[in-house]
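Results of the structural survey
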There are 2 protein chains.
Amino acid sequence: MQLESALYMIPVPISDGKLSDFLPSGNSEIISGIRHFIVENVRTARRFLKKMDPSTDISQLTFYELNGHTPEDDISGYLTPLREGNPMGVMSEAGCPGVADPGAKVVLAAQNEGLRIIPLVGPSSILLSLMASGLNGQKFAFQGYLPVDTKERDKTIRDLESQSRRLDMTQIFIETPYRNEKMLDSLLKNLGGETLLCVASDVTNPQEKIITKPVKRWKEDRLKIEKVPTIFLFYCRDGKK
Amino acid sequence: MQLESALYMIPVPISDGKLSDFLPSGNSEIISGIRHFIVENVRTARRFLKKMDPSTDISQLTFYELNGHTPEDDISGYLTPLREGNPMGVMSEAGCPGVADPGAKVVLAAQNEGLRIIPLVGPSSILLSLMASGLNGQKFAFQGYLPVDTKERDKTIRDLESQSRRLDMTQIFIETPYRNEKMLDSLLKNLGGETLLCVASDVTNPQEKIITKPVKRWKEDRLKIEKVPTIFLFYCRDGKK
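Our subject in this report is the structure included herewith. (Residues numbered from 1 in each chain as written. Chains lettered and ligands numbered in written order. Predicted model: local features only at pLDDT ≥ 70, side-chain atom pairs only at ≥ 80, totals over all residues. Heavy atoms only, no water.)

In terms of nonpolar packing, the biggest core is built from 80 residues, with Leu7 and Ile38 of chain A together with Leu7 and Ile38 of chain B touching the most fellow members. With sequence-adjacent residues up to four places away left out, Leu7 of chain B is seen in contact with Ile38, Leu79, Leu82, Met88, Val90, Val106, Val107, Ala110, Arg116, Ile117 and Ile118 of chain B. (Core = buried A, V, L, I, M, F, W, Y, C linked by side-chain atoms within 4.5 Å. Buried < 20%, exposed > 50% of the residue type's maximum accessible area, 1.4 Å probe, protein only. Contact = heavy atoms within 4.5 Å.)

In structure tokens:
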């Protein structure tokens, strides 16, 4: 069966382990019909495709690299095979492309030309953390990275907390793994004792830890966060409600 | 193999079609080890379990209903089987439990007691829409439902637009299907011409439509939105950046 010409947004795993634990089998049928891939990192993309189907002849595939270093002017050119009627895939280094990565740029270029984009199901550490956090999933914001400078970061955390209270909204953000402990320091220093803080580490790994407790209980029983991919979430409910 | 005792967050499909297109096969292995389910709607939960495995004996399963009508005091009691060492599942009516549904309440009760929660991968119309929208996926907010009252809604849309510009953030929200056309009216009336608006209808269905264009182009070529589940997203980039 000929695969429909579209830009397929292809999630990849966020941990090791069996692909069938994290990806619908329907995805691999689609991927096997694609020969042109726009990827954040060519090496991890090749490794994923080989793992999914060891019989894949990687030399028959074309990869276009899209990351923070890609010149804006190159991006639209990547879509030439799609314009000519070939299906194309977009892959991030980990998780869902177009979320917390530079993938959205090429999607917007495709949207501008009225090309069809089809998102596939797969793991997102942001969404999985939120599901398991117990925090408000009816209103939430993903803030990306917070400022690195201590003073600016302190202020941002306090601003996000008051916003959380005012808007009844869960705040979600990420940090580079080697700064996880410093981030926890800043959170415990700046957040109120009743604010619920969730630390979600190594999501989808066997050693996954997703723990929510009030800040005052984090202070009493502080767990060490390893230098592993971690999502931070907090939620401050307005006492008046 | 005995399934680990934990609260499993179990996504269900958001459209008809083969389950293997939307859910990892690993999920069904886990689900077959669970006999106690906390669900938003018992009827849809049964139907999903039967579709996944027609040999399931539904009469052997226990369902606890958790929706907007469930008294707060009942929720913690639902976790008794988990406290006794049995795995339990949480299922929403559609998509990922704990996101845009009342599921988070029981998760928080489990977090309070230090019980383990394990989220499984599955379809989220919010995340899939964002992936395919081309809008900023590095900062975004899910706002739930906007006010129904026209004046309040108009103001909210304008506020969210100025917040989007100021914070460089994609705004995401939902509407009940029969009000989709009215929502599009309000958006075209209140948003600036350059603001990018994405309408994502019937996500994961064969007739899925995820279309992003500037508001001024929506006005020139307005597409009818059917009375189907729809996610609305917009993003206003600050011209000064």
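Residues and elements named next belong to chain B. Here 5 strands make up an open sheet; going across it, the order is S3-S2-S4-S1-S5 and the pairing parallel. Single-partner strands in this sheet number two, and they are strand S3 (62-65) and strand S5 (117-119). Ignoring which end each strand starts from, the neighbouring axes of this sheet average 25° apart. Sheet topology places strand S2 (residues 36-39) next to S3; 4 bridges connect them, and they run parallel. What sits directly across from His36, in S3, is Thr62. Docked against the sheet, helix H2 (residues 42-52) engages strand S1 (7-10), S2, S3 and strand S4 (88-91), running at close to 145° with respect to S3. Strand contacts of helix H5 (residues 104-112): S1, S2, S4 and S5, with the helix running at about 155° to S1, the strand carrying the most contacts. (Pairing = 2+ DSSP bridges. Helix = DSSP H or I, 4+ residues; strand = E, 2+ residues; numbered from the N terminus. Axes fitted to C-alpha atoms, helices over the stretch in contact; angles between N-to-C directions.)

In total, this model carries 10 aromatic pairs over all chains according to the counting rule given. Aromatic side chains Phe140 of chain A and Phe142 of chain B sit 5.4 Å apart centroid to centroid with 35° between the ring planes, which places their arrangement in the tilted category. Highlighted residues: Phe140 of chain A in strand S6 (residues 140-145) and Phe142 of chain B in strand S6 (residues 140-145), drawn from two different chains. Just as Phe140 of chain A is buried, Phe142 of chain B falls in that class too. Summarising the aromatic geometry, the rings of Phe37 of chain B and Phe63 of chain B are spaced 5.9 Å apart at their centres and angled 25° between planes, so their arrangement reads as stacked. Linking Phe37 of chain B in strand S2 with Phe63 of chain B in strand S3, this pair joins segments that are 26 residues apart in sequence. In this structure, Phe37 of chain B and Phe63 of chain B share a single accessibility class: buried. An aromatic cluster is built from Phe173, Phe232 and Phe234 of chain A, whose rings are joined through pairwise contacts. Lying over the aromatic face of Trp218 of chain A, Lys213 of chain A brings its terminal NZ or CZ to 4.8 Å of the ring centre. (Phe/Tyr/Trp six-rings, centres within 6.5 Å; stacked < 30°, edge-to-face > 60°. Lys NZ or Arg CZ within 6 Å of the ring centre and 35° of its normal.)

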